[in-house]
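Listed below are the residues making up each chain.
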Amino acid sequence: MFNLSRYFSILSLILIGLAAGLLGLMYREASVRQMTTLAEDRNLAMAQVFENALGDSLAELMDASIGKDASMLQQSEESLGMRNSLTSLLRRTAVVNVKIYNRLGVTVFSTDATQIGDSNLDNPGFKTALSGVVTSELRHHKAMETFDGTRANIDLLASFIPVAGEGQAIDGVIELYQDVTPFMAAFRNMLWIVTAVVACVFAVLYLMQLLVVRRAQGILHEQAERIEAARSTLEVQVDARTQELRRAIHQLEGEVAERRQAESKLNYLAYHDPLTGLANRRYFLERLEASLIDASAKKQRLAVLFIDLDQFKQVNDSLGHGVGDELLVAVAAALCEHVRLIDMLARLGGDEFICVMESVRSDEEVAMLAQEVIAAFDSPFRIDGHDLFLSASVGVSVYPNDGDSVGDLLRNADTAMYRAKALGRGHYHFYTPEMTRDAQERIRIDMLLRRALENGELSVHLQPQVDSKSGYLVGAEALVRWESPELGSVPPARFIPLAEDSGIIIPLGNWVLRETCRQVMRWKASGFDLPQVSVNLSVKQLERPEFVDTLVEILDETGIEPSRLKLEITESVVMIVEDAFTLLDRLRKIGISLALDDFGTGYSSLSYLKMLPVQQLKIDRSFVVGIGNNPEDEAIIRSVMALAQSLDFEVVAEGVETAEQADFLGELGCHQLQGFLHGSAVAPAEFRARWASLPR
Ligand code: C2E
Ligand code: MG
Ligand code: MG
């Protein structure tokens, strides 16, 4: 750091030294000049005194000197006389020596007689005096010859004073030596004192300034230290802040990357089905919208294929959601692998897939694609040790014929898919406008059905079941009938599936159950004792957790003995209803009989059948129709009979219309018969009128 004190000390010492020296010099110069002026004045006065005192003898001395040599001059009388005059004149004055030169510069007189005769022509004082100007100079002599003898260490002021003769011409020059030794001694003393005082003043000044400077230096030092400390603190803080910022930037970068990742993940999730990785509904809808705009601009056709898996629900229900999920993944993979010409495949949810084919040239091309979709299910899916045979139903709608909006195309493809499903497994169907009419009809029926239940438009009819051997009435099947003011008589085959889809089947089914039990009990009370009544149950009813409670409630409410009630269920109950065995067991324990309706049309395995707590198999009408004309149907009936006998099931055949059918079945050991041969389903009053009087 800059050392202010040191530089100040050096510089101010130099300056003080210079100032003191300069002041000393100036003082000395002034003093000497003053003293010289005084001494010179005195010399002038003395010279005047000499001139006056000597009068003509001075002029004579100078005149007489011309042409004489040194020894002559020394021996001259004038010189000796002058010496005497001057000696008396100069006694008790400060003048210690006098020299007189003639105008030629020759020393004509000197207190020191040896100098008489010397030439002073080159002496500058003499030369100046010749021009009429007085000059003086201070001299120091180690030894000097005076009137009073030899003097040592003497300070003198020598003045060259011109001596003017008549007409003011310079006749000669007097050189006066005035003793200024006391002045010089006093002057030197004074000089010392002045110098000492000046030095002291300067020293004090210097010290004061030094103190100020040192203080300033101290303050500067303190400030510098403080600044340094602040700077270090600042540096540390800046360092820490920089680190912090770096960390923050790092963290921020991490967060940004994370957020980007999360955003892209969110974006992916927003547009993809997390299970299969296919495009999801949203993505599909947006893409279809864009494709439609494109197709419209290019005047091209476009097909939407709605794919629904036929037995997925059963798999999901019976083998669990884990297997169901894996199956969906496998299906997605199979579709991607097998289906060519596809422009986009998406999963809409559940077991519904959808794909788009752009730039459609012909319906055949679309049909080929639909066949490829169906063919993707040809081989079974092996999942979790199960070989799962699956099929798909495909509904197709084509732009622009079947709609020009995403909504229309999707709805129509869906409608077509339902039609394909109705054809059986693994079919595809193109949309036709008539399907929409059907669908609208379904909506209308659904709406009217809701009202029908409240308006009492429904009734229960009963169809007799007779013993195959005796022909006696052993029971009846309760079949619901709907007499609609708008639609007329609507067959159950038309409205039951609809009721199942919409959920009305629950109140409807409960109503049939309650009404049938009441009817049987009313008959019983009035003396007509129907041994057993069968009521059809929808799987949807069985799926409800409160079903058994409702049933028990109905039994209690109507007072019917459980043994008098038989419930007809289909084989699909095992596939669809969770824990079907337990549920059916509970029903058995209540004392209710169970019959497997439409037997032979389902796919239940023998192992299931063996475990099911049912007592009766109901051979489906479609087989009975074949008796006498379709050996295959007969063979099926025979094997069903053999199976029933070995598993100890009672067998009922439905749809028995002819005696031939009745005989065939009776011979095979079928216990009961139901069909138009013995009577169709009729209203309770008619039923009673017909059967009450007959033996049972
Ligand atoms: P299902 O349980 O197999 O009922 C037998 C059907 O065959 C009845 O048709 C009956 O009228 C008809 N049928 C009986 N004998 C003959 C015959 O000799 N020849 C012909 N061609 N048909 C005969 P329906 O009443 O139209 O019922 C159709 C289906 O509707 C029933 O089949 C049953 O699955 C369902 N269903 C009827 N009533 C109810 C109900 O109350 N609840 C539920 N869940 N389903 C019902
Ligand atoms: Mg039935
Ligand atoms: Mg049936």
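Residues numbered from 1 in each chain as written. Chains lettered and ligands numbered in written order. Predicted model: local features only at pLDDT ≥ 70, side-chain atom pairs only at ≥ 80, totals over all residues. Heavy atoms only, no water.

Notes on a negative patch on the surface
Operational definition: Residues form patches when they are more than 30% accessible in relative terms and have no salt bridge. Like charges link within 9 Å. Nonpolar side chains (Val, Leu, Ile, Met, Phe, Trp, Tyr) link within 5 Å. To measure how exposed things are, a 1.4 Å probe is used in the Shrake-Rupley method; for residues, cover is taken only from the protein chains shown. Within this document, salt bridges are pairs made up of a side-chain nitrogen of Lys or Arg and a carboxyl oxygen of Asp or Glu, the two lying within 4 Å of each other. Charge assignment in this entry is limited to Lys and Arg as positive and Asp and Glu as negative, and neither His nor the chain termini are counted. A charged residue contributes its charge at one atom only: NZ of Lys, CZ of Arg, CG of Asp or CD of Glu. Only DSSP runs of H or I reaching four residues or more are called helices, and only runs of E reaching two or more are called strands; each is numbered from the N terminus.
Residues Asp56, Glu60, Asp63, Glu77 and Glu78 make up a contiguous surface patch of negative charge. Those elements that provide at least two residues to the negative patch are α2 (56–65) and α4 (77–90). By residue number, the principal contributor to the negative patch is α2, which donates three residues. Secondary-structure assignment places Glu60 in helix α2.

Considering the sheet that holds strand β2 (residues 107–110)
Threshold: Pairing between two strands requires that DSSP report at least two bridges joining them. A fitted line through C-alpha atoms serves as each axis, taken over the contacting stretch for helices, and the angle formed by two N-to-C directions is quoted from 0 to 180°. Here, two residues are considered to be in contact whenever any of their heavy atoms come within 4.5 Å of each other.
The strand order β2-β1-β5-β4-β3 describes an open sheet built from five strands, whose pairing is antiparallel. Both edges of this open sheet fall to β2 and β3 (135–146), since each of them pairs with a single strand only. For this sheet the average axis-to-axis angle between neighbouring strands, irrespective of direction, equals 25°. In the sheet, strand β1 (residues 95–102) pairs with β2 via three bridges, with the strands oriented antiparallel. Looking at β2, one finds that Ile100 is bridged to Phe109. This element, α4, spans β1 and β2 of the sheet and lies at about 40° to β2. Most of the contacts of helix α6 (residues 181–271) go to strand β4 (residues 149–164), to which it runs at about 110°, and overall it touches β3, β4 and β5 (170–179).

A closer look at the pairing of strand β19 (residues 616–619)
Put simply, the rule reads: Here's how the labels work: a residue is buried when its accessible area is under 20% of the maximum for its type, exposed when over 50%, partly exposed in between, all with a 1.4 Å probe on protein chains only.
The alternating pattern of β19 places Gln616 and Lys618 on one face and Leu617 and Ile619 on the opposite face, and all of these are buried. Of the pairings in the sheet, the one linking strand β18 (residues 593–599) to β19 comprises three bridges and is parallel in character. In the sheet register, Ala595 faces β19, and the bridge partner there is Gln616.

Focus: empty space enclosed by the protein
Put simply, the rule reads: Here a cavity denotes grid points, spaced 1 Å and computed from the protein atoms alone, that fit a 1.4 Å probe unable to get out, and a pocket denotes an open set having protein on both sides within 12 Å along at least 5 of 7 lines; residues with an atom within 4 Å of a point are the lining. Grid points are joined across faces, edges and corners, and a volume is the space filled by probe spheres set on the points.
Here the structure, examined in full by the defined rule, presents one cavity of 30 Å³ or more. The calculated volume of the largest cavity comes to roughly 40 Å³. Lining the largest cavity, in full, are Ile506, Asn510, Gln541, Arg544, Glu546, Phe547 and Thr550. Elements with a minimum of two residues in the lining of the largest cavity: α14 (505–525) and α16 (547–558).

A short note on helix α23 (residues 684–691)
Inclusion rule: What the arc describes is the spread of directions from the helix axis to the C-beta atoms.
Turning to α23, its buried residues number three or more, namely Pro684, Phe687 and Trp691. Projected onto a plane normal to the axis of α23, the buried residues spread over an arc of 60° and lie on a single side. Exposed and oriented more than 90 degrees from the buried face of α23 are Ala685 and Ala689. Residues of α23 that are buried make contact with β13 (458–467), β14 (473–484) and α14.

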